Amino acid sequence: MGEALRVLANGTIQCPKNPIIPYIPGDGIGPEIWDVAVRVFDTAIARCGDGRQVAWQKVAAGAGALESHGDTLPAETLEAIKQYHVAIKGPLTTPVGKGFRSVNVALRKSLDLYACVRPVRYYPPAPAPVKHPELVDMVIFRENTEDVYAGLEWPKDSPEAKKVIALVEELSGKHIRPDSGIGIKPISQSGSERLIRMAITYALEHNRPSVTLVHKGNIMKYTEGGFREWGYALAEREFGDVTIREADLWEKHQGTMPEGKKVVIKDRICDAMFQQILLSPQEYSVLALPNLNGDYISDALAAQVGGLGMAPGANIGDGAAVFEATHGSSPKDAGKNRVNPSALILSGAMLFAYIGWHDVADNLRQAIARSVASRHVTFDLAMQMENAVTVSCSEFGTIICDNLEG
Ligand code: NAD
């Protein structure tokens with residue numbers, strides 16, 4: 001028996017000792033990594049003590065739900081996530097063929113999970129393509145609902161594309177080739193502000209030194225440029241006593257943080273940012289980005305520190321949050337008990353931090369760090385690591401449990 005956690009009007013989460021947390025095991029490799037992850041979670045919680053225990057509640061989604069409920073995302077699953085405010089999921093296969101919506105996109109839209117949050121840090125000695133992967137310690141806040149991903153697209157020669165072309169030519173006086181496909185890029189002030197507000201709040205709560213707005217505002221002035229402008233204005237208006245613009249820090253304070261200020265707000269043009277994450281990753285901590293930039297940078301950073309098997313994530317809105325590994329359901333590996341469960345376990349660590357169980361979250365992260373350092377790891381890490389021993393998914397789970405404190 002468990003209880004629902006409560007979200008207060010100001011967004012504060014009140015978590016009981018026995019919260020009900022819905023979970024979706026997922027498709028393909030999902031069930032086997034979930035079995036390992038939940039064993040690790042329950043062990044970590046028991047070791048941290050205080051009488052806490054999660055009442056895990058299975059809910060259906062994905063290919064399995066199509067068979068059992070005739071729908072890849074049954075209404076009762078959405079209701080459970082709304083009621084209990086958090087959920088954790090394994091990867092879901094999007095069935096190939098027309099008429100099947102992506103469950104991941106449907107979840108995000110139905111629950112208005114507007115921020116895709118991905119912490120990226122290095123677990124030595126995981127194989128990485130750069131000389132100093134340990135300098136990467138960033139948390140990405142990617143806007144999830146707008147931009148060229150809003151689904152406003154029409155194929156070339158369609159009546160809609162022709163109409164839009166005619167309207168744009170009339171408004172702008174510019175010529176568009178008649179054989180163009182058309183897509184629309186909406187970026188709103190309100191959509192940008194809520195995402196940037198979440199990123200700054202996170203930085204303040206986690207003692208992070210900076211938030212960088214990553215945009216292409218020099219070219220797309222009213223969309224990406226707006227994101228930058230609205231971000232700076234919001235920081236000044238709502239967090240002015242504790243944040244400072246990077247330009248002011250240098251021009252007015254010679255680079256020394258003034259008394260009381262906690263977070264530097266910076267901005268970078270997106271293409272330059274791809275250089276920066278390789279050349280000076282230590283200068284960046286929290287990133288806030290529109291949807292497309294965020295998509296690209298998330299995968300680039302995950303690769304920089306050792307790839308998909310270690311990359312956790314979450315989709316977060318104001319009343320609900322769904323935690324999930326970044327990787328997919330890898331059907332070719334399903335049932336072989338060989339893949340890396342770390343990404344899902346680290347997504348669980350994000351969930352526990354979100355509900356205020358920071359001791360459990362830290363315990364999980366440190367146990368993963370110690371387990372990777374032991375060089376007894378799953379094949380994806382072992383095949384590129386010197387002196388490594390390949391272990392199965394479930395054996396790696398046992399190693400992680402053995403490395404938990406308490
Ligand atoms: P994938 O992430 O499943 O696999 C890509 C590669 O990464 C494969 O070589 C695989 O072996 C490797 N890999 C993935 N997870 C791993 C792990 N835990 N340990 C070790 N290696 C791992 O991507 P894909 O093949 O493009 O997609 C397969 C299915 O997953 C598709 O149906 C896709 O729609 C779905 N998908 C779901 C999500 C999600 O649920 N969030 C995300 C991406 C893809």
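Keep in mind that what you see is a predicted model, and the values were worked out from it rather than measured.

Reading the values: rules and limits
- Residues numbered from 1 in each chain as written.
- Predicted model: local features only at pLDDT ≥ 70, side-chain atom pairs only at ≥ 80, totals over all residues.
- Heavy atoms only, no water.
- Buried < 20%, exposed > 50% of the residue type's maximum accessible area, 1.4 Å probe, protein only.
- Helix = DSSP H or I, 4+ residues; strand = E, 2+ residues; numbered from the N terminus.
- Pairing = 2+ DSSP bridges.
- 1 Å grid on protein atoms, 1.4 Å probe; cavity = no way out; pocket = protein on both sides within 12 Å on 5 of 7 lines; lining within 4 Å.
- Points joined across faces, edges and corners; volume = space filled by probe spheres on them.
- Nonpolar A, V, L, I, M, F, W, Y, C, P; charged D, E, K, R; others polar.
- Arc of directions from axis to C-beta.
- Contact = heavy atoms within 4.5 Å.
- Near = heavy atom within 4 Å.
- Polar contact = N/O pair within 3.5 Å; in protein donor to acceptor, adjacent residues only side chain to side chain.
- Areas by Shrake-Rupley, 256 points an atom, 1.4 Å probe, with all protein chains shown as cover.
- Core = buried A, V, L, I, M, F, W, Y, C linked by side-chain atoms within 4.5 Å.
- Phe/Tyr/Trp six-rings, centres within 6.5 Å; stacked < 30°, edge-to-face > 60°.
- Lys NZ or Arg CZ within 6 Å of the ring centre and 35° of its normal.
- Axes fitted to C-alpha atoms, helices over the stretch in contact; angles between N-to-C directions.

*Asks:* What exactly am I supposed to notice about the pairing of strand β6 (residues 115–121) here?
*Replies:* By the criterion of burial, β6 is predominantly enclosed, with five of the seven residues buried. In this sheet, strand β7 (residues 137–143) lies alongside β6 in antiparallel orientation, the contact comprising seven bridges. For V120, the partnering residue across the bridge sits in β7 and is M138. Here three bridges tie β6 to strand β14 (residues 312–316), and the two strands are oriented antiparallel to one another. From the neighbouring strand, A115 faces β14, where its bridge partner is I316.

*Asks:* Sorry, what's going on with the layout of surface pockets here?
*Replies:* Empty pockets left among the atoms are what a rolling probe the size of a water molecule brings to light. In this model, the largest pocket occupies a volume close to 1,200 Å³. Lining of the largest pocket is provided by 45 residues; of these, Y202, E205, H206, I316 and Y354 occupy positions nearest its centre. In terms of residue count, the dominant contributor to the lining of the largest pocket is helix α6 (residues 189–205) (six residues). Along the lines of polarity and charge, the residues of the lining of the largest pocket split into 24 nonpolar, 11 polar and 10 charged. Empty space within the second largest pocket amounts to approximately 600 Å³.

*Asks:* Explain helix α4 (residues 103–111) here, please?
*Replies:* Residues of α4 that are buried include every one of V103, N104, A106, L107 and L111, and no others. When α4 is viewed along its axis, its buried side chains cluster within an angular range of 165° and face the same direction. Looking at the buried side of α4, the elements it contacts are α3 (75–84), β5 (86–89) and β15 (321–325). Backbone geometry just after α4 places D112 at a positive phi near 50°.

*Asks:* Whenever I open this one, the site of the ligand confuses me. Can you help?
*Replies:* Close to the ligand lie 20 residues, the nearest being L92, G328, S330, K332 and D333. Within the backbone of S330, an N or O atom sits 2.7 Å from an oxygen atom of the ligand. One of the backbone N or O atoms of N340 is found 2.9 Å from a nitrogen atom in the ligand. For the ligand, whose unbound accessible area comes to 820 Å², protein coverage reaches 68%. Among the residues making up the shell around the ligand, the classes are represented as six nonpolar, nine polar and five charged.

*Asks:* Got a minute to help me understand the nonpolar core in this structure?
*Replies:* As a rule of thumb, soluble globular proteins bury nonpolar side chains together. Ranked by size, the top nonpolar core spans 90 residues in total, and within it W56, F352 and L364 carry the most contacts. It is helix α1 (residues 30–48) that contributes the most residues to this core, nine residues altogether. Once residues lying within four places of it in the same chain are set aside, the contact partners of W56 are I21, Y23, W34, V38, F41, D42, I88 and F352. A61, A80, Y84 and A106 belong to the second-largest nonpolar core, a separate cluster that totals 18 residues.

*Asks:* Help me understand the packing of aromatic side chains in this model?
*Replies:* Both the distance between ring centres and the angle between the ring planes are used here to describe each pair of aromatic rings. Across all of its chains, the model carries eight aromatic pairs by this definition. Geometrically, the ring pair formed by W34 and W56 is edge-to-face, given 5.3 Å between the ring centres and 80° between the ring planes. With W34 in helix α1 and W56 in strand β4 (residues 55–58), this pair connects stretches of sequence that are 22 residues apart. Judged by relative accessible area, which is 4%, W34 ranks as buried. Note on W56: relative accessible area 19%, which makes it buried. Look at F352 and W357: their rings are 6.0 Å apart centre to centre, the planes differ by 5°, and that puts the pair in the stacked class. One aromatic cluster in this structure is built from Y23, W34, F41, W56, F352 and W357. Over the aromatic face of W357 sits the side chain of R52, whose NZ or CZ is 5.0 Å from the ring centroid. The ring of F379 has R338 lying over it, and the distance from NZ or CZ to the ring centre is 3.8 Å.

*Asks:* Even after reading the chapter, I still don't get empty space enclosed by the protein, so can you show me in this structure?
*Replies:* Evaluated as defined, the whole model comprises two cavities of 30 Å³ or more. For the largest cavity, the calculated volume is near 50 Å³. Contributing to the lining of the largest cavity are K89, N104, L107, R108, L113, N315, V322 and E324. Counting residues per element, the ones that place at least two in the lining of the largest cavity are α4 and β15. The element that contributes the greatest number of residues to the lining of the largest cavity is α4, accounting for three residues.

*Asks:* Can you walk me through the environment of V168 in this structure?
*Replies:* Summarising the element assignment, V168 is placed in helix α5 (residues 159–172). Take V168: its relative accessible area is 31%, and that puts it in the partly exposed class. Here V168 is in contact with G173 and I176, once residues within four sequence places are set aside.

*Asks:* Explain the sheet that holds β7 to me, please; I cannot follow it from the model alone.
*Replies:* Strands pair in a sheet through their backbones, by hydrogen bonds, and they do so in one of two ways: parallel or antiparallel. Taken in spatial order, the 11 strands of this open sheet run β4-β3-β5-β15-β14-β6-β7-β13-β10-β12-β11, and their pairing is mixed. With one partner strand each, in any of the chains shown, β4 and β11 (243–245) form the two edges of the open sheet. Put simply, the sheet's adjacent strands are angled 25° from each other on average, direction ignored. Along the sheet face, α6 touches β6, β7, β10 (210–215), β11, β12 (263–269), β13 (286–289) and β14 and points at about 160° away from the line of β7.

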